[in-house]
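Residues per chain, in single letters:
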Amino acid sequence: MLKKGSRRASSSRGARIFSEDNSVHKFSRIKNTNLLEDDDDIYNTRNRQDQFLTNSNSSSPYNDRSSSSPMGKSPWSSQTNVNVPFEDNDDNSSPNVLMGSLVREEGHIYSLATSGDLLYTGSDSKNIRVWRNQKEFAGFKSNSGLVKAIVISGERIFTGHQDGKIRVWKVSSKDPSVHKRVGTLPTMKDYIKNSMKTGNYFEVRRHKNSVWFRHYDAISCLSLSEDKTFLYSSSWDKTFKVWRISNSRCIESVIAHDDSVNSIVAGYDGLVFTGSADGTVKVWRRELQGKGTKHFFSQTLLKQECAVTAVAVNPDTTVVYCGSSDGLVNFWGRENHLSHGGVLRGHKLAVLCLITAGNLVLSGSADMGICVWRRMGIDHTCLSLLTGHNGPVKCLAAERDDEAASSGRRWILYSGSLDKSVKMWRVSENSPPVAWKGCASSAPIAIPSSPPAAPSFPAQSRVNDVQN
């Protein structure tokens with residue numbers, strides 16, 4: 001559960017530059033899918049990123065107790081006052097604008113991924129929709145578990161679900177609009193083979209055991225290694241697991257944190273970064289050992305009381321960012337041996353998603369806003385405060401704008417929200433900074449002491465291998 005010091009919401013000028021009524025692509029209404037009856041979100045413990053609670057704030061526009069929608073139970077939305085706009089300036093000349101919305105009224109958007117000219121969206125309806133040129137191109141559906149994460153590697157699409165499973169899909173060679181499920185991780189063959197051994201089980205709750213190579217709680221995030229040979233999955237079960245893509249096998253499991261792992265990112269030089277509801281950001285080092293791989297704990301970048309909800313890495317400049325439930329974004333730079341670089345302050349509620357695009361850093365929040373930052377060295381400048389969503393911004397994805405002028409790089413930003421829509425924004429790295437006193441970066445803050453970067457030592461957790 002979020003701390004009382006959580007911050008409040010944002011605004012921007014994009015919505016009044018672009019007439020959203022003319023930009024919404026609506027499709028025929030289909031039957032709404034309610035939240036899973038056995039959704040662990042409702043019964044979950046403290047600080048999980050997607051925790052849904054019944055809130056007594058009856059004044060909230062989303063607190064509809066007659067609905068099974070998670071919007072009515074979300075601590076994010078219940079604290080939002082949509083009548084309080086940002087203290088933005090009146091200059092409408094910013095190139096960062098809302099281009100339109102994609103709406104298919106079937107579920108809250110939890111995950112996004114781009115591949116070429118395709119956009120993949122995942123929701124709590126269990127559907128994955130594929131969009132091309134702002135129109136629905138294809139779609140496919142899982143049997144169970146809302147879609148919490150999507151990553152794409154070549155022709156394969158990996159989706160992480162609320163039921164703890166990772167599903168693998170492949171585009172048909174005959175019809176690109178057809179997606180077929182080609183497997184589930186772990187595979188049934190591996191599960192049957194390894195579940196026979198009592199040594200593969202460990203206690204997850206009182207009187208309940210589970211095999212180490214399978215997540216027993218919701219998947220929170222997926223990430224690919226630099227060379228795309230490994231898939232990483234993090235979960236509310238406090239672990240992250242490593243899957244070899246070539247044979248779809250789990251080769252390692254690490255109990256990484258004392259609470260839910262909310263985010264995982266495979267970075268540079270074999271480093272992996274994890275953020276957790278226990279308030280820490282940890283660094284793990286991958287080492288190849290024969291035909292296998294081992295991950296060793298390297299250092300703790302951050303230790304705080306509030307939950308870490310999102311982690312992102314800029315692969316070009318090797319800067320690590322993390323968003324927290326207090327609305328702050330901390331960052332560290334490789335050039336300074338991952339010493340703390342500063343804090344970005346732009347949100348008034350929890351940061352729920354975080355990505356990098358070129359020199360831009362983009363954060364989505366429970367305050368329904370999106371902050372756009374430009375990095376120059378170790379300095380960050382807030383360029384825009386984008387608003388337009390009517391619910392918490394849950395996920396972000398970006399792709400290069402090929403139509404942009406050569407004078408500056410522009411990006412197409414997609415934002416998914418619990419308002420059941422995906423919005424498209426055009427953002428430029430050359431846009432002027434916003435004049436708003438609530439959006440600022442700061443010098444490094446004091447951080448509790450953490451283990452030194454060297455020497456490294458193995459994590460005190462269960463780490464297992466599958467023999468090749």
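Residues numbered from 1 in each chain as written. Predicted model: local features only at pLDDT ≥ 70, side-chain atom pairs only at ≥ 80, totals over all residues. Heavy atoms only, no water.

Would you mind going over the overall build of the chain with me for this structure?
When its secondary structure is counted, the chain shows four helices and 32 strands. A buried classification covers 59% of the 468 residues belonging to the chain. In the chain, 54% of the contacts between residues at least 6 apart in sequence involve partners at least 24 apart. With the model as given, the accessible surface of the chain reaches about 19,900 Å², and the carbon-plus-sulfur share is 47%. (Helix = DSSP H or I, 4+ residues; strand = E, 2+ residues; numbered from the N terminus. Buried < 20%, exposed > 50% of the residue type's maximum accessible area, 1.4 Å probe, protein only. Contact = heavy atoms within 4.5 Å. Areas by Shrake-Rupley, 256 points an atom, 1.4 Å probe, with all protein chains shown as cover.)

Sorry, what's going on with the sheet that holds strand 18 (residues 271-276) here?
For sheets, the rule is that strands pair by backbone hydrogen bonds, running either parallel or antiparallel. Strand order in the open sheet formed by four strands is 17-18-19-20, and the pairing between neighbours is antiparallel. Of all the strands in the sheet, the pair left with one neighbour each is strand 17 (261-266) and strand 20 (292-303). Strand-to-strand, the axes of this sheet are offset by a mean angle of 25 degrees, without reference to chain direction. (Pairing = 2+ DSSP bridges. Axes fitted to C-alpha atoms, helices over the stretch in contact; angles between N-to-C directions.)

How do you make sense of unusual backbone geometry when you look at a structure like this?
The phi torsion of most residues other than glycine is negative, and most of the peptide bonds are trans. Residue P186 is reached from L185 by a cis peptide bond, and omega for that bond is 0 degrees. Tracing the backbone shows P186 in the loop between strand 10 (179-185) and helix 4 (188-195). For K126, which is not glycine, the phi torsion reads 75 degrees and is therefore positive. Relative to the assigned elements, K126 resides in the loop between strand 4 (118-123) and strand 5 (127-132). Within the chain, N133 stands out as a residue other than glycine whose phi angle is a positive 55 degrees. Tracing the chain through its elements places N133 in the loop between strand 5 and strand 6 (135-141).

Help me understand the side chain of H347 in this model?
Tracing the sequence through the fold places H347 in the loop between strand 24 (339-345) and strand 25 (351-357). Polar side-chain contacts of H347 include one of 2.7 Å to the side chain of S363. A polar side-chain atom of H347 sits 3.2 Å from a polar atom in the side chain of D367. (Polar contact = N/O pair within 3.5 Å; in protein donor to acceptor, adjacent residues only side chain to side chain.)

Sorry if this is basic, but what is going on with the confidence of the model for the chain here?
Low-pLDDT portions of the prediction should not be read for the details of their coordinates. Taken as a whole, the chain shows an average pLDDT of 76; of its residues, 67% reach a score of 70 or greater. A low-confidence stretch, residues 51-92 stays under pLDDT 50, and its non-local contacts, those more than four residues away or across chains, total 102 contacts. Low pLDDT, under 50, characterises residues 445-468; the predicted model gives this stretch 60 contacts beyond four residues in sequence or across chains. (pLDDT = per-residue confidence, 0-100.)

Explain the sheet that holds strand 14 (residues 230-235) here, please?
Within the open sheet, the four strands sit side by side as 13-14-15-16. Their pairing is antiparallel. A single partner strand is all that each edge strand has here, and the edge strands are strand 13 (219-224) and strand 16 (249-255). With direction set aside, neighbouring strand axes in the sheet form an average angle of 20 degrees.

Looking at this structure, I do not really get empty space enclosed by the protein. What am I missing?
One water molecule sets the probe size; rolling that probe over the atoms shows where empty space is left. Per the counting criterion, the structure on display carries two cavities of 30 Å³ or more. In this model, the largest cavity occupies a volume close to 80 Å³. Secondary-structure elements contributing two or more residues to the lining of the largest cavity are strand 2 (97-103), strand 4 and strand 5. A per-class count over the lining of the largest cavity returns five nonpolar, five polar and four charged. (1 Å grid on protein atoms, 1.4 Å probe; cavity = no way out; pocket = protein on both sides within 12 Å on 5 of 7 lines; lining within 4 Å. Points joined across faces, edges and corners; volume = space filled by probe spheres on them. Nonpolar A, V, L, I, M, F, W, Y, C, P; charged D, E, K, R; others polar.)

Help me out: how do you make sense of the layout of surface pockets in this one?
Reported here for the largest pocket is a volume of approximately 1,400 Å³. Considering the residues around the largest pocket, the lining is formed by 46 residues, among which I150, V151, L222, S223 and I355 are closest to the centre. Ranked by residues supplied to the lining of the largest pocket, first place goes to strand 25 with six residues. Considered class by class, the residues forming the lining of the largest pocket number 29 nonpolar, twelve polar and five charged. Computed from the structure, the second largest pocket encloses a volume of approximately 380 Å³. Q134, E399, D401, I412 and Y414 are, among the 19 residues lining the second largest pocket, the residues nearest its centre.

What is the right way to read the pairing of strand 29 (residues 393-400) from this model?
For strand 29, a buried count of six out of eight residues is recorded, marking the element as mostly surrounded by other parts of the structure. Sheet topology places strand 29 next to strand 30 (residues 410-417); seven bridges connect them, and they run antiparallel. Bridge pairing links L396 to S415 in strand 30.

Quick question: what am I supposed to make of the pairing of strand 5 here?
Regular strands place their side chains on alternate faces of the sheet. Here strand 5 lies mainly inside the structure; five of its six residues are buried. Note: strand 4 against strand 5, five bridges, orientation antiparallel. Within strand 5, the position partnered with L119 by the bridge is W131. Taking the residues between adjacent antiparallel strands as the criterion, strand 4 and strand 5 are bridged by three residues, where K126 takes a positive phi near 75 degrees. What sits between strand 5 and strand 6 in their antiparallel hairpin is a turn of two residues, with N133 showing a positive phi close to 55 degrees.

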